[in-house]
Amino acid sequence: MISLPRPSTMFAVTLVILLTVPLPAQEGEPDDETTLPGAGPDEAEVQYGATGLGDVDFGANINSRSDLRDGDPSFRNDLSLWLRSEPEFRGIPTFSFVADVGATNISRYTEDEGWNVRNLADVNALRLGGIFPDRPEPGMIFRLRAGRFRASEPTGLIFSGRIDGIGFTVESSRLIMNFTGGYTGFIGKHNSSVSVSDEDVIDQSDDDVFFAPPRLLGLATAEIPDLIGRQSLELGGVIQGDQRSDDNGDEIQTVNSQYAYLAVNGPLADSLYYDAALASAFIQTADPGEQSESEVGVAGLLRGRYFAGADDRHVVTLEGRYGSGASAQTGNFVPVSTPSLGLLNSYSGRDLVNVQLDYSVRPLADSPRRGARSLQLSAYGSGAFRAVADDVASSVRGYETGTRITVRPVSDFGGRISAAGFFPGQEPGDPEFVGRLELSMRY
Amino acid sequence: MQCFLFSRSTLLSEKNCVNIRSGMPQRKHRAILSFVVALLLLSLPSMGQSAERIDEYLERQRLDVAQAAYLAAASASLIPADSGAEQALDALSERGFEMRQESLQADVRLDEFSFMLMLAHDLPGGFMYALFPGPRYAYRDLRYERIIEGGGDPGEPVSGRRAMRLVGRAMDFSEEVDG
C-alpha cells in the first residue's frame, strides 16, 4: 500500500509545480520576468508606497581592535549608533537617509610614555540620497547624494575616504558618469586617511589636532562597463586643493595636486581576473618663503586574482604597485590618501615599488551555513622597494609577511586574528612584529 | 568596477559584492524536483485544496498575516494543509510568535514573515536573535543567510510570489542545515 506523503512534502510539490508553471500576467501586473531598473533578484512585484520612502531601521555596532606591537599594546574601540532608511530602488523616485555617529577610544602604551588614552567622537556618516529613473533622459538613472559619505576613485592609487560634500551619478546601460566634490577638514583625523603634505604628517602625530587635513576635493569618473568580453574601462580625474592656513599668520607649506587616471579590469580566462590602472599626478608644493615648485609623478597598479577549487575556495592574488620618486625623469607621486599595504607597511605610495602575493582559502566553502562558509585563512608576503635607487640592493625598503584568520559565524558577530612581521632592508630599523585581534558586533 | 568575493579592507561589510564567482553551495533543486514530481503523481487527488489556496496566494500583491502564518506553518508540517489561519497562528504562538498587528487581515511585514519562517522551520539565528527572538533579528538573519535576497525594507509588504520563494529557500536551507 502506498502511504500518503507528509503535508510538508505535498506543500513542496504544490510549490514547485506552481512556481515552474508560468502564470499569465494580468494587465498592469508585472510577471516574474519583469526586471525593474535597479531591482535585485528577489524583487517584490509590489510598489511599496507611492513616494519611494522606506522603513527606518536603527542599530549599533561595536568594533574592537587590539594590537600587540613589539610588546607594546594598543587598543581601539569604536561604538557607533546608526539610523537609516534605504529602500530598494524599484523604478520610482526613491529617497534614502543614513545617520551614523560614533565614539572612539584609542589607547596606546609605550615604555617611554606609558599609557596614552584618547576619547573621540565623530559623525561617521550623515547623508541624504535620491534615485530618479528616466532622468536626465528616458532609460537613464540619476543618483544624488549629499552630506558625509565615503568616496573613492577606482584605481585605489589616489583617494579613498570620507568626504563632506555632494555627488551625483548618471547611468545608462553603456556609460556611467560620477561627479563628487567636497571637503575633508571637518572629519576627525582618526576617521580619515588624507595625508599629502609634511604638515599633514606632523598633524597625524599631534594629539592636540582633532580634524583631518583641510582639503577641497573633486572627483570625476566615466565608466564603460562590459566594453568587450566583460572588460570594464574607467577614466577620470581628481583635484585636490590645500586649504591649510596658520592661525598665527605664519606661512606654512601647502600642496595642491591634480590627477588623471585610467583603469581596466575584467576576466582574462576562466577563474582568472585582473585589475590594471595608470595614474599621473601634477603636484604643486609651496614652501614658506619659496616659490611654488611643480612636479609630475606617475603610478601604476597591476593585480591578478585566481580562483580555484570547489566553490572557489582558494584565491591567489598577486599585486604590483608603483609610485614614482624624485628623479631626472619623474617627480614624486603623492596620493591624497595613504594606501593600506599591510599591517606594518605604512609607506605613503611615493617612491615605492610594492609587490605582494596573497593566498586565502575557505575550508568550509561548501557548508550550507554562511557563517561556516565565511571562515577564511590567509597568508601573504610582500616586498617594498624604492622606485628611485642606485641599484637593486639599495632599493630594498623591507619585507613583510603575515597571516590572518577571518570568520563571521553569525550575522551579528565576526572576528579576525592577524599576525605580521616586517624586516627592513637598507633602511635603518629593527624587525617589527605585530599581533592583532579584531572583533565586531552588531545590535 | 568589479567586486570580488572578499574585500581585504573590510571585516564586516554590510554591502555585499556582486558575486562574479558563485561561492554558494550547490542546492539539490533538481533532485528534489524529481522526487516531488513523483510524489505528485501519487498523491494528486489530495493536492486540490492546497493548490487552490496557494494559487490564490500567488496572485496576491500583499499577503495578510493570516495567509503568511498559514504558509509558514504548513510548509513546516506544523499544521495540516487544510487548516485555517487560527490553527496556523496557534502553532506559531507555541513557538514564540506574538501577534503584533491589530488584525489578521493586515498586510504582513517582511520582518514578521521572516520571524514566522524562523520559528516554523526552527532556523538557526545569531546572538541577538537568540537573546531577543523577534521580527527584527529574524529579518537580519534571513538576509545574512541570503534567504531574503536583494534589497528591501523590513517593514515592506510581501507579495504571494515572493512569499513562496522565501518559503522554498527556508525549506531548502532547513533541510541542508539538518543534514
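Criteria and thresholds
Residues numbered from 1 in each chain as written. Chains lettered and ligands numbered in written order. Predicted model: local features only at pLDDT ≥ 70, side-chain atom pairs only at ≥ 80, totals over all residues. Heavy atoms only, no water. Helix = DSSP H or I, 4+ residues; strand = E, 2+ residues; numbered from the N terminus. Buried < 20%, exposed > 50% of the residue type's maximum accessible area, 1.4 Å probe, protein only. Contact = heavy atoms within 4.5 Å. Areas by Shrake-Rupley, 256 points an atom, 1.4 Å probe, with all protein chains shown as cover. Phe/Tyr/Trp six-rings, centres within 6.5 Å; stacked < 30°, edge-to-face > 60°. Lys NZ or Arg CZ within 6 Å of the ring centre and 35° of its normal. Polar contact = N/O pair within 3.5 Å; in protein donor to acceptor, adjacent residues only side chain to side chain. Pairing = 2+ DSSP bridges. Salt bridge = Lys/Arg side-chain N within 4 Å of Asp/Glu carboxyl O. Arc of directions from axis to C-beta. Core = buried A, V, L, I, M, F, W, Y, C linked by side-chain atoms within 4.5 Å. Axes fitted to C-alpha atoms, helices over the stretch in contact; angles between N-to-C directions. Parallel < 35°, antiparallel > 145°, perpendicular 65-115°, else oblique. Nonpolar A, V, L, I, M, F, W, Y, C, P; charged D, E, K, R; others polar. Left-handed = near helix turned anticlockwise from the far one by under 90°.

Caption draft 1: Looking closely at the overall build of chain B. When helices and strands are counted, chain B shows 7 helices and 0 strands. In sequence order, chain B lays out its α and β elements as α-α-α-α-α-α-α. A buried classification covers 51% of the 179 residues belonging to chain B. For chain B, the proportion of contacts with a sequence separation of at least 24, taken over those separated by at least 6, is 58%.

Caption draft 2: Spotlight on the overall build of chain A. Helices and strands together make up the secondary structure of chain A, namely 4 helices and 18 strands. Expressed as a percentage of contacts within chain A between residues at least 6 apart in sequence, the contacts between residues at least 24 apart total 55%. Of the roughly 21,500 Å² of accessible surface on chain A, 58% is carried by carbon and sulfur atoms.

Caption draft 3: The packing of aromatic side chains, seen in detail. Per the counting criterion, the structure on display carries 17 aromatic pairs over all chains. Taking the centre distance of 6.2 Å and the plane angle of 80 degrees together, the rings of F115(B) and Y129(B) count as edge-to-face. Of the two residues, F115(B) sits in helix α4 (residues 110-121) while Y129(B) sits in helix α5 (residues 127-131), which places them 14 residues apart along the sequence. Following the ring pairs from residue to residue traces out a cluster consisting of F95(A), F132(A), F142(A), F168(A) and F179(A). Its end group placed over the ring of Y70(B), R53(B) keeps NZ or CZ at 3.9 Å from the ring centre. R136(B) extends its terminal NZ or CZ atom over the ring of F58(A), reaching a point 4.5 Å from the ring centre.

Caption draft 4: Broad picture of the side chain of E171(A). Residues and elements named next belong to chain A. Within the fold, E171 resides in strand β6 (residues 160-171). At 2.4 Å, the side chain of E171 and the side chain of R143 are in polar contact. Filtering out sequence-adjacent residues up to four positions away, E171 remains in contact with M140, I141, R143 and I176.

Caption draft 5: Just unusual backbone geometry, in detail. Here R135(A) and P136(A) are connected by a cis peptide whose omega angle stands at 0 degrees. Assignment of secondary structure puts P136(A) in the loop between β4 (114-133) and β5 (141-152). Its identity is not glycine, yet D311(A) carries a phi of approximately 60 degrees, on the positive side. You can see D311(A) is positioned in the loop between β12 (293-308) and β13 (314-323). Positive phi, normally seen in glycine, also occurs at R146(B), with a value near 65 degrees. With respect to the element layout, R146(B) can be found in the loop between α6 (135-144) and α7 (160-178).

Caption draft 6: Highlighting the pairing of strand β2 (residues 72-85) of chain A. Residues and elements named next belong to chain A. Where strand β1 (residues 57-69) lies against β2, 13 bridges are found, and the strand directions are antiparallel. Of the residues in β2, the one forming a bridge with I62 is L79. Between β1 and β2, which pair antiparallel one after the other, the connecting turn spans 2 residues, and D70 there sits at a positive phi close to 50 degrees. Bridge count for β2 against strand β3 (residues 94-110) is 12 bridges, and the pairing is antiparallel. Bridge assignment links R84 to a residue of β3, and that residue is V98.

Caption draft 7: Inspection of the environment of G54(A) at higher detail. For G54(A), the location among the structural elements is in the loop between α1 (7-20) and β1. On a C-alpha basis, the gap between G54(A) and T94(A) in space is 8.4 Å, while along the polypeptide they are 40 residues apart. If near-sequence neighbours (up to four positions away) are discounted, G54(A) is found in contact with S85(A), P87(A) and D153(B).

Caption draft 8: Quick peek at the pattern of salt bridges. For the coordinates displayed, the defined rule picks out 28 salt bridges over all chains. A salt bridge links R148(A) to D164(A); the shortest N-O distance between them is 2.6 Å. Here R148(A) is found in strand β5, whereas its partner D164(A) is found in strand β6, with 16 residues between them in sequence. The class of D164(A) is buried, set by a relative accessible area of 19%. Salt-bridge contacts for R62(B) lead to D107(B); the nearest nitrogen and oxygen are separated by 3.3 Å.

Caption draft 9: Spatial organisation of helix α3 (residues 85-94) of chain B. Residue and element names in this part refer to chain B. Every buried residue of α3 is accounted for by A88, L89, A91 and L92. Summarising the axial view, the buried residues of α3 lie within an arc of 160 degrees, below the 170-degree limit, and thus occupy one face. The exposed residues of α3 that point more than 90 degrees off its buried face are E86 and E94. Those residues of α3 hidden inside the fold are in contact with α2 (65-75) and α4.

Caption draft 10: Spatial organisation of the nonpolar core. L71(B), V108(B), F113(B), M116(B) and L117(B) are the most contacted members of the largest nonpolar core, which has 47 residues in total. Ranked by the residues each element gives to this core, the list is headed by α2(B), at 9 residues. In this structure, M116(B) is in contact with V65(B), A68(B), A69(B), A72(B), L92(B), F97(B) and V108(B), ignoring residues within four places of it in sequence. Counting residues in hydrophobic clusters, the runner-up holds 24 residues, among them V194(A), L219(A), A263(A) and A299(A).

Caption draft 11: A look at the packing of α4(B) against α6(B). Residue and element names in this part refer to chain B. Relative to each other, α4 and α6 sit at 80 degrees, their axes nearing to 7 Å. By the criterion of interaxial angle, the relationship of α4 to α6 is roughly perpendicular. In this structure, α4 uses L110, D111, E112, S114, F115, L117 and M118 to contact α6, whose residues at the interface are P135, A138, Y139, D141 and L142. Tallied by class, residues from the contact of α4 with α6 come to 8 nonpolar, 1 polar and 3 charged.

Caption draft 12: Broad picture of the side chain of R90(A). The residue R90(A) is located in the loop between β2 and β3 in this model. For R90(A), a relative accessible area of 6% puts it in the buried group. Among the polar contacts made by the side chain of R90(A), one reaches the side chain of E88(A) at a distance of 2.7 Å. For R90(A), the side chain forms a polar contact with the side chain of E156(B), separated by 3.2 Å.

Caption draft 13: Spotlight on the packing of α4(B) against α7(B). All names here are of chain B. With their axes 11 Å apart at the nearest point, α4 and α7 run at an angle of 30 degrees to one another. Relative to α7, the element α4 is oriented roughly parallel. Remark: the crossing between α4 and α7 carries right-handed chirality. Where α4 approaches α7, its residues L110, F113, L117 and H121 are matched on the opposing element by R162, A163, L166, V167, A170, M171 and S174. In terms of residue class, the contact of α4 with α7 is made up of 8 nonpolar, 2 polar and 1 charged.

Caption draft 14: Fine view of α6(B). Here α6(B) lies mainly inside the structure; 8 of its 10 residues are buried. Within α6(B), burial applies to P135(B), Y137(B), A138(B), Y139(B), R140(B), D141(B), L142(B) and Y144(B).

Everything listed is a geometric property; what it means functionally is a separate question.
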